[in-house]
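Commentary on secondary and tertiary structure
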Amino acid sequence: MFADGQKLQMQMSFCSLQRISSGSCWPQCSNGATCSSEGICSCRTGWNGSDCTIPTCSRCLNNGSCSAPNQCSCMTGWTGSDCSIPICLPSCQNNGSCISPGVCKCTSNWMDSDCTTPICSIPCSNGFCSNPEVCNCTAGWEGVSCQKPICSKPCLNNGTCSSPNVCTCTSGWNGPDCSTPVCSNGCLNNGTCSSPNTCTCASGWNGPDCANPICTSPCLNNGSCAAPNKCSCMSGWSGSDCSIPVCFSLCQNNGSCISPGVCNCTSGWTDSHCTTPVCSTPCSNGICSSPGVCTCTTGWKGQIAKLVPICSEGCLNNGICVSPEVCSCPTGWKQPNCAIAICLPECSNNGICQSPGVCQCTADWSGSDCKTPVCKAQCRNGAVCTSPGVCSCPSGWSGSTCEIPICTTSCLNGGVCQSPDVCSCSSGWTGSNCKSPICSPVCSNGGTCSSSRTCICPTGWKGNDCTQPVCNQGCKNGGVCVTPGGCACPRGWTGPDCGKQAGGGCYYGKDKINLVEGGQRYIEKLKVGDRVWSLNIDENSFIEDEIILMMHNEPYQSDMFYTIETIDGNEISLTKTHNIPIYDPKTNQIKFLRASKVTIKHHLIVFNRKVAIKNITTASRLGFFSPLTMSGSLFVNNISTSVFSDSYGVSPNTLQRFFTPIRIYYRFMKWYFGNDYNPFETHSEEGLHPIIQYLKQNTLMCKFIYYGLQNIVLLMIFYMVYKYYPTNISVPFYKTFMRSDNV
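Everything numeric here is computed off the predicted structure, so don't read it as measured data. (Residues numbered from 1 in each chain as written. Predicted model: local features only at pLDDT ≥ 70, side-chain atom pairs only at ≥ 80, totals over all residues. Heavy atoms only, no water.)

1. A few points about the overall build of the protein chain
Applied cut-off: Put simply, DSSP H or I for four residues or longer makes a helix, DSSP E for two residues or longer makes a strand, and each gets a number counted from the N terminus. Any residue under 20% of the maximum accessible area for its type is buried, any over 50% is exposed, and the rest in between are partly exposed; the area is computed with a 1.4 Å probe on protein chains only. Any two residues whose heavy atoms approach within 4.5 Å are treated as being in contact. To measure how exposed things are, a 1.4 Å probe is used in the Shrake-Rupley method; for residues, cover is taken only from the protein chains shown.
Tallying secondary structure elements over the protein chain gives six helices and 73 strands in all. Within the protein chain, the proportion of its 743 residues that are buried is 31%. When contacts within the protein chain are restricted to residue pairs at least 6 apart in sequence, long-range pairs at least 24 apart make up 26% of them. By element, 53% of the accessible surface of the protein chain is carried by carbon and sulfur atoms, the whole surface being about 43,500 Å².

What follows is the structure, given as structure tokens:
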């Protein structure tokens, strides 16, 4: 709390007081100590200090503290007179030994946190490990590792026991004990399966599956044996052995059935049942009505050998009469007598087919089929003549021949419609319909030119050409408005109006810290109440620490980071004003430096080891954060760091004492409201915490109060000494004070 010179002055002052007191000791000697004539306390064994109030112990290990003579007050997890014995709860079983708080070292046959789980080197497949190398099998299993199933009945015919009371049979066998033969196709017609795929058939049947009946007399004419001694005949046959042919229609006119459906007809008759008469000369255009007799159809005449068709109106244009009243016309002509010409496609719109393929069109139509309309005045601008004298105009054109362009919005201020929706504007006007005046200079950033030839600027811009941005909130602290509502802030300031003081030293959000419960976490994911590891003030042992306040969070802002890499591959990224403890080989001291002043001649503290620096680089990175811990330090990427920057103008140790009220308040509120309560919770998760922002804005005032309190306490001590020793202290004390100053 005091500067080194102040401590030396006070120590010498008290020494002077003790020499002057002539047997009186101040403060008074405690714990049975005696005060010598020189004003010095002679302490009893086990006590120390100027007033014998400090107990002494031979040693207290593992961060234990001496609470009474030779009596240590141990940290959680340790016991013993010197705090050297670790505590494991629950205790280590089966000869396991407790090697550190809550950590058992088990013998080779046991495992788990308290050494209660036995180990079987061969896993128990169907059971559980009940003792080292001993499996307790479930019902139906046996063997060293419970891998062998038990079948109460043996598996026959080379079957194997595959699971409890379940046999896996070889091919051809089935049943719970593999004693039942299997015939894959089954045994039909009351046959029995006597061995794998072997049937014993009933009388009248045979075959591998007893599906084939037996007929003692063979079935003829492709008949098949359908049942024992019963033939199934093919169509056209009958009889017990399928030897009798069948004609389904009786043979007529004295014909006889000689094979299935085949009659042997007498002379003059034919077909399958002898009902069709036969004429030796075929009747071309008539029918054979009886053997050797033709009856002619209408339109035919003549003898059997020469029949002629009759066409009553004749066949024109070289047509030929090919059958009664039917002409065969040449190409281009059609029935009824080849007098009508054919046009394909047909003549439309009252056109007349004058000769094969030639249409005679009316005056309003043209084309080979008279479907093309005629417009005497030619249609322009891509228009199409859709009916006689009518042009169908494309979009944007009108007029009888589509020669007039259309502007859907009238061209104003003397503009002329030059093509569809395109106006040719007169001087001084622009726009699709020439309604927009032209300003000089041109209106920028979406500004519009008014009729008075001045720019009307959109929100956020101003000036005669709308090129000057507007920041309604103003730009503070020397900031400059560069975009609508956006200020370019000078160094040390941030925020939309440059009214927010920029952060000091911060960590990179993607660096990691070690959690007390195990594992690591990104700094950007930290929250108040997280238990983390830090190094003690001497940088030689680990302590359990806690995040009590997120002083600065900027996940979406970039800053320049100094990345320091050690020769063993560890690295850390810090903003330039962030403090970090380094070891200086030249002075053999550990001291705090801002990141921008660290050089490769220094060493970092890595796992309480001093490791040389390999490389230092700088780069802009997104996201920086500043957590505050109870100890004032933080273990980041296995490297010891301070949570403070030097932007306050004081040392990290002074800042640690300066933040003591915040730590006391945090502990009290957690004790009062519970561990889940966050005493410093705010609605915003970004930027400086309001407490830190207040301290930065009032740094000079806070320094004045801090150092003022120090001096007030010092003056009060001087006053008390002077008051209680007014006559004897003045000159010697002054001399001692002056000597201490000279020192």
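2. Observations regarding the pairing of strand β49 (residues 416-419)
A regular strand places its side chains so that they alternate between the two faces of the sheet. The cut-off we apply is this: DSSP bridges decide pairing: two strands pair if at least two such bridges lie between them.
Inspection of the sheet shows β49 paired to strand β50 (residues 422-424) by three bridges, in the antiparallel sense. Looking at β50, one finds that S419 is bridged to V422. Between β49 and β50, which pair antiparallel one after the other, the connecting turn spans two residues, and D421 there sits at a positive phi close to 55°.

3. Describing the environment of P154
As for its position among the elements, P154 is in the loop between β16 (148-149) and β17 (160-163). Note on P154: relative accessible area 58%, which makes it exposed. A sequence separation of eleven residues divides P154 from N165, and the C-alpha atoms of the two residues are 9.1 Å apart.

4. Some points on the nonpolar core
Here is the rule: Nine residue types can take part in a nonpolar core, namely buried Ala, Val, Leu, Ile, Met, Phe, Trp, Tyr and Cys, and a core is a set of them joined through side-chain atoms within 4.5 Å.
By size, the foremost hydrophobic cluster in this structure holds 37 residues, and its most contacted members are I513, I580, L604, L628 and L634. For this core, the elements supplying multiple residues, two or more each, are β65 (542-566), β66 (571-575), β67 (579-584), β69 (603-606), β70 (609-629), β71 (633-636) and α3 (660-673). The greatest single-element share of this core, amounting to seven residues, is contributed by β65. Sequence-distant contacts of L634, that is, excluding residues within four places in its chain, are made with Y507, I513, V532, W533, S534, I547, P627, T629, I639, S640, T641 and V643.

5. Some points on a nonpolar patch on the surface
Basically, it comes down to this: A residue counts toward a patch only above 30% relative accessible area and without a salt bridge, and it is joined to like-charged neighbours within 9 Å or, for Val, Leu, Ile, Met, Phe, Trp and Tyr, to nonpolar neighbours within 5 Å. A side-chain nitrogen of Lys or Arg and a carboxyl oxygen of Asp or Glu constitute a salt bridge if their distance falls within 4 Å.
Taken together, the side chains of Y694, M701, F704, I705, L709, I712 and M716 define a hydrophobic patch exposed on the protein surface, amounting to about 740 Å² of accessible area. For the nonpolar patch, the element with the highest residue contribution is helix α5 (residues 699-724), accounting for six residues. Among the structural elements, I705 can be located in helix α5. In this structure I705 comes out as partly exposed when scored by relative accessible area, which is 44%.

6. Considerations on the environment of C407
Within the element layout of this structure, C407 appears in the loop between β48 (404-405) and β49. With eleven residues separating them along the chain, C407 and G396 place their C-alpha atoms 7.1 Å apart. Those residues in contact with C407, other than ones at most four positions away along the chain, are C417, S419, D421, V422 and C423.

Read these as geometric descriptors, not functional statements.
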